[in-house]
Each structure stands twice: as C-alpha cells, then as structure tokens.
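Secondary and tertiary structure notes
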Amino acid sequence: MIPRPSVTLRWSGRLGNNMFQYASLFIIAKDNAHYPYITQPLDSDLSEAFNLSIPIRKKGAAVPVSLATLRTSEGLFLPLNKDYMYDHIELTGGIGSWKYMAKHKLEIIREFTFKAAIQRKVAEFFERTAARTDNMTYIGIHVRRGDWNWDYAAKHGIKPPDKAFFNAAMDYFSSKYRHTKFIVACQDIHWCKSKGINTQKYNVLFLPKSPPTEHLAILSACDHSIVSVGTFGWWSAYLAGGETVYYNFTGNPRFEKTFNRGDYYPPHWRAIGN
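A short tour of the structure in this document, coming up. (Residues numbered from 1 in each chain as written. Predicted model: local features only at pLDDT ≥ 70, side-chain atom pairs only at ≥ 80, totals over all residues. Heavy atoms only, no water.)

Some details on the side chain of His34
Inspection of the secondary structure assignment puts His34 in the loop between helix H1 (15-32) and strand S2 (35-36). At 2.9 Å, the side chain of His34 forms a polar contact with the backbone oxygen of Asn32. (Helix = DSSP H or I, 4+ residues; strand = E, 2+ residues; numbered from the N terminus. Polar contact = N/O pair within 3.5 Å; in protein donor to acceptor, adjacent residues only side chain to side chain.)

If you want it as structure tokens, here you go:
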C-alpha cells in the first residue's frame, strides 16, 4: 500500500523535460513531507543514465484509486505549498525554474550523477577525441533544431537563434580564455556547419551521433556552456556548473505571459540575443 500522503507524476516529453519532472517530484516530496513514487515505466533515458533514489512501483502494484491532478508550470515560479493538502497527488508537467531547486541544488545534482559506464565514456572522449590538456577551456554548446525550430518557435512567434548569437557567445568566451575548444551537440550538423557555427574562426568539435544521455554527459563535463533553447541545454549548463551564456529570445504576447526569464534562468547566467 502507498503511504499517505504521497505524490507521483505522469511522464511527458523527452530527456530534458523528464529531468524537470523528476526534479519536481523530488522537490515537492521533500518540501511537503509526501512519499514520492513512480508507477509508470521510468523513462528509458533517465533509468539508463542515472541512479535515481525515488522508488518505482512495479506494474500491478496497489496504487491510490483517487489522485488529485496538479498541473505544474514550466518557466514561472509560483507558490506551491497551498496546493499540497491532498493525500495523493499526480503531477503533470514540470516546475521549470531554478528557484524551486535553489535549496535542494546539491541533492538534485546528486540525483543526476551519471552512471559509471557513461562517466567512463566521457573520460575516454576527452582523453582521445577532445585531447584534453590542462590549459584548454572547454565550452559545451547545445544547438536545438528540429521540432523546436519549426513547431514550437512558429507557434509562439520566437525567432530561433542564428549565427549572430553563436558568434557573440563564442566571442565572449574566446576573449576571456586564451585557449578554448567548443564542443557542439546538435541534431542538424549540416545547419550548424553551414549557417550556425563559424568553424573557420573557432576551435570546434562536433559530437557524433550518440544517445542523448551521452551528449548531455559530455556537455555537462565541460567548463562552461552556451545554451540556445530548450530544457536539454538548460540541464547541460546547470549540471556543468560553470559560466553560462544563453539565447535571450522573445515571443508573442501570449507566450510572454507564461514565461518569466528571471524564473527560468539563474541570475548569474549571461543573456545574449534579441
């Protein structure tokens, strides 16, 4: 039987979204003395990448018949405690704000510590492929293309990041550090090479096609970060813990009412963009 009170979640989206959802479950349980559990099959990317502490209820296990569904908001910091008076809660969405995680940051980072097998692949990448040296500063870049570029951006009136943004962000780090190497993860390498990243001016290494968890692990092992858009890039920078430059986009009035940059991006991250 599930202890009372309890909280679970309903998975949606991909790796970055799932990480916000898991962090939401972890934080809400901690802050409100609820028992956290997962009943649906754990997202394969999360289970393959991290040793998570929240228990997974086996299929067919007794779960509460009545769940109070609570929709959390990504990109806005809203008061939470007043909503958690129910015996059993099911979360939908994720609380996408650094403010929720501030007092639990070390615990969240511990939850998202990569498994040993992935850490070995990251070490091998930097030793063999990236040729790690003591005087080199590595900057991870996540370039979100594909579905975000064509669907989400068009719907919300957002101009996707272009070469001007990446040049400005890379110039910032190149002027600050003498020896830099930019590690780029992108779904559309052709666009990056032809229209996004200046490979003639900067020391650039594009990651080969690999599972998203491996790309995330490599980016989070870099010294600093450049983030275009999306939750995957946000987590790569948050886990890296260095200096971050992000694309400061704007959307249509409807989008702007549901998204607060001060809530979503930590205050020490640097904004570049429109």
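What to know about helix H8 (residues 189-196)
Within H8, the full set of buried residues consists of Trp191, Cys192 and Gly196. The buried residues of H8 occupy one face: seen down the axis, they fall within an arc of 100°. (Buried < 20%, exposed > 50% of the residue type's maximum accessible area, 1.4 Å probe, protein only. Arc of directions from axis to C-beta.)

Examining the side chain of His142
Mapped onto the elements, His142 comes out in strand S5 (residues 137-143). Owing to a relative accessible area of 8%, His142 belongs among the buried residues under this scheme. Beyond its immediate stretch of four places on either side in the chain, His142 contacts Ala185, Leu219, Ile226, Val227, Ser228, Val229, Phe232 and Gly233. (Contact = heavy atoms within 4.5 Å.)

Quick notes on the packing of aromatic side chains
We describe a pair of aromatic rings using the distance from one ring centre to the other and the angle between the two ring planes. In this structure the tally under the stated criterion is 25 aromatic pairs. For the pair Phe112 and Trp235, a centre-to-centre distance of 5.1 Å together with 80° between the ring planes defines the contact as edge-to-face. Within this pair, whereas Phe112 is found in the loop between helix H4 (105-111) and helix H5 (116-129), its partner Trp235 is found in helix H10 (residues 231-240), the two being separated by 123 residues in sequence. Between Trp234 and Trp235, the ring centres sit 5.0 Å apart and the planes meet at 75°, which makes this aromatic pair edge-to-face. (Phe/Tyr/Trp six-rings, centres within 6.5 Å; stacked < 30°, edge-to-face > 60°.)

With respect to H1
With 18 residues, H1 ought to run about 26 Å at 1.5 Å a step, and its terminal C-alpha atoms sit 26 Å apart, in line with that. Most of H1 sits inside the fold, with 15 of its 18 residues counted as buried. (Expected span 1.5 Å × (residues − 1).)

Structural notes on the sheet that holds strand S6 (residues 180-186)
Strand order in the open sheet made by the six strands is S7-S6-S5-S8-S9-S10, with parallel pairing throughout. Two strands in the sheet have a free side with no partner beyond their single neighbour: strand S7 (204-206) and strand S10 (270-272). This sheet shows a mean twist of 20° between the axes of neighbouring strands, independent of strand direction. As judged from the four bridges shared by S5 and strand S8 (residues 224-227), these two strands associate in the parallel manner. In the sheet register, Ile141 faces S8, and the bridge partner there is Ile226. In this fold helix H9 (residues 212-220) packs onto S5 and S6, with an angle of close to 160° to the strand it touches most, S6. Contacts between H10 and the sheet are confined to S5, S8 and strand S9 (244-247), with S8 contributing the most and set at about 165° to the helix. (Pairing = 2+ DSSP bridges. Axes fitted to C-alpha atoms, helices over the stretch in contact; angles between N-to-C directions.)

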